[in-house]
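Tertiary structure, described
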Protein chains: 2
Amino acid sequence: MSITTHRRHRGDFTWEDTPVLAYKQADTAPFRDVTRQVLFEDAQLGCQLRYFEIAPAGHTTLERHQHLHAVMIIRGGGQCLVGERVFAVAAHDLVHIPSLSWHQFRADAEGPLGFLCLVNAERDRPQLPSPEDLIVLCQNAHVAEFIRC
Amino acid sequence: MSITTHRRHRGDFTWEDTPVLAYKQADTAPFRDVTRQVLFEDAQLGCQLRYFEIAPAGHTTLERHQHLHAVMIIRGGGQCLVGERVFAVAAHDLVHIPSLSWHQFRADAEGPLGFLCLVNAERDRPQLPSPEDLIVLCQNAHVAEFIRC
């Protein structure tokens, strides 16, 4: 059996036998201070469970895609954009990001924001906003104030 | 959109718009003091994320199946059997339960054990141990001491 049965949490949101990875290839998309760990991926599961952690005041990429995100916050707090809504999130909150919804997560300035993100094993690549998309997004003042590109 | 974008954690491991369900139909299998909440299920995800909570000293059913379980403990502590191993688990530990491995979770006497369990949307029904299976399982003294049937 190649997959470890029990991977202990090290106490700092890292796990045994689970490398801390770059969030994305540098220069492919704008983001700030985000790491990625793949917690479970197996062809038999049909999906992948990842843990992302955003350092204080950091943010993920503003993007959208056909595939869904199913998210549970497990560390700290922050805010997120889903579609045209910006809202605060805290530990153990659940966030469902529908197909083709613009979304972005940001950590509070006081501490990191860590969350589980579940995706289908087969999924499309994220799309970044075009200048025209940004004009539309920024017609909502709350969204305009929140997003980082 | 029928799925709620943001379901807040109520602070006691229940969530908005997320019913607390029976673990299994009564009398279909032995277990003690377990509840189930379906956190995410969507055909587009290909999998289902559930939260199970075992009351102090309670236990899940001793069972096995073809499908995998990918587990993260998120509340309390306890012990589990996977295959022939019995080990202690604590918050944020990861447990991978391979195909056809006998498994059972038990909460510590001092508090509940809560965990996320990820499964493929298409999966087989659990199998209960036959008398012959129990004889084999109980050849290991640690397993014999741990299991509840």
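As a reminder, the structure under discussion sits directly above these lines.
Not measured: the values here are computed from a predicted model.

A closer look at the overall build of chain A
In terms of regular secondary structure, chain A is built from 2 helices and 10 strands. Beginning at the N terminus, the succession of helices and strands in chain A can be written as β-β-β-β-β-β-β-β-β-β-α-α. Computed over C-alpha atoms, the radius of gyration of chain A comes to 16 Å, within 12% of the 15 Å expected from 2.2 N^0.38 for 149 residues, which places it in the range of a compact globule. Along the first, second and third principal axes, the C-alpha atoms of chain A reach 55 × 35 × 30 Å. Classification of the 149 residues of chain A by burial places 52% in the buried group. Residue pairs in contact within chain A that sit at least 24 positions apart in sequence constitute 64% of those at least 6 positions apart. Put simply, chain A shows about 6,900 Å² of open surface, and 49% of that area lies on carbon and sulfur atoms. Averaging the locations of the 14 positively and 18 negatively charged side chains of chain A gives two centres separated by 2 Å.

Some points on the pairing of strand β4 (residues 47–59) of chain A
All names here are of chain A. A large share of β4 lies buried, amounting to 10 of its 13 residues. Here strand β3 (residues 32–41) runs beside β4; their pairing, made up of 8 bridges, is antiparallel. The residue bridging arginine 32 from the neighbouring strand is histidine 59, located in β4. With 8 bridges connecting them, β4 and strand β10 (residues 113–120) associate as antiparallel partners. Paired with tyrosine 51 across the two strands is leucine 116, which belongs to β10.

Re the side chain of aspartate 42 of chain B
As for its position among the elements, aspartate 42 of chain B is in the loop between β3 (32–41) and β4 (47–59). Of the buried charged residues, aspartate 42 of chain B lacks a salt bridge, with arginine 7 of chain B as the closest side chain of opposite charge at 9.3 Å. Every residue in contact with aspartate 42 of chain B, bar those within four places of it in the chain, is listed here: Leu68 and His96 of chain A together with Ile3 and Cys47 of chain B.

Observations regarding the packing of aromatic side chains
This structure, assessed with the given rule, holds 14 aromatic pairs over all chains. Here the aromatic rings of tyrosine 23 of chain A and phenylalanine 52 of chain A are separated by 5.8 Å at their centres, their planes lie at 90 degrees, and the arrangement is edge-to-face. Of this pair, tyrosine 23 of chain A sits in the loop between β2 (21–22) and β3 while phenylalanine 52 of chain A sits in strand β4, and the two are 29 residues apart along the sequence. Across the pair, phenylalanine 52 of chain A and tyrosine 23 of chain A agree in class, each one buried. With a centroid separation of 5.0 Å and an interplanar angle of 80 degrees, the aromatic rings of tyrosine 23 of chain B and phenylalanine 31 of chain B are classed as edge-to-face. You can call tyrosine 23 of chain B buried: its relative accessible area is 10%.

What counts, and at which threshold
- Residues numbered from 1 in each chain as written.
- Chains lettered and ligands numbered in written order.
- Predicted model: local features only at pLDDT ≥ 70, side-chain atom pairs only at ≥ 80, totals over all residues.
- Heavy atoms only, no water.
- Helix = DSSP H or I, 4+ residues; strand = E, 2+ residues; numbered from the N terminus.
- Rg over C-alpha atoms; globule rule 2.2 N^0.38 Å.
- Buried < 20%, exposed > 50% of the residue type's maximum accessible area, 1.4 Å probe, protein only.
- Contact = heavy atoms within 4.5 Å.
- Areas by Shrake-Rupley, 256 points an atom, 1.4 Å probe, with all protein chains shown as cover.
- Lys, Arg positive; Asp, Glu negative; His and termini not counted.
- Charge placed at Lys NZ, Arg CZ, Asp CG, Glu CD.
- Pairing = 2+ DSSP bridges.
- Salt bridge = Lys/Arg side-chain N within 4 Å of Asp/Glu carboxyl O.
- Phe/Tyr/Trp six-rings, centres within 6.5 Å; stacked < 30°, edge-to-face > 60°.

No statement about biological role is implied by the geometric values presented.
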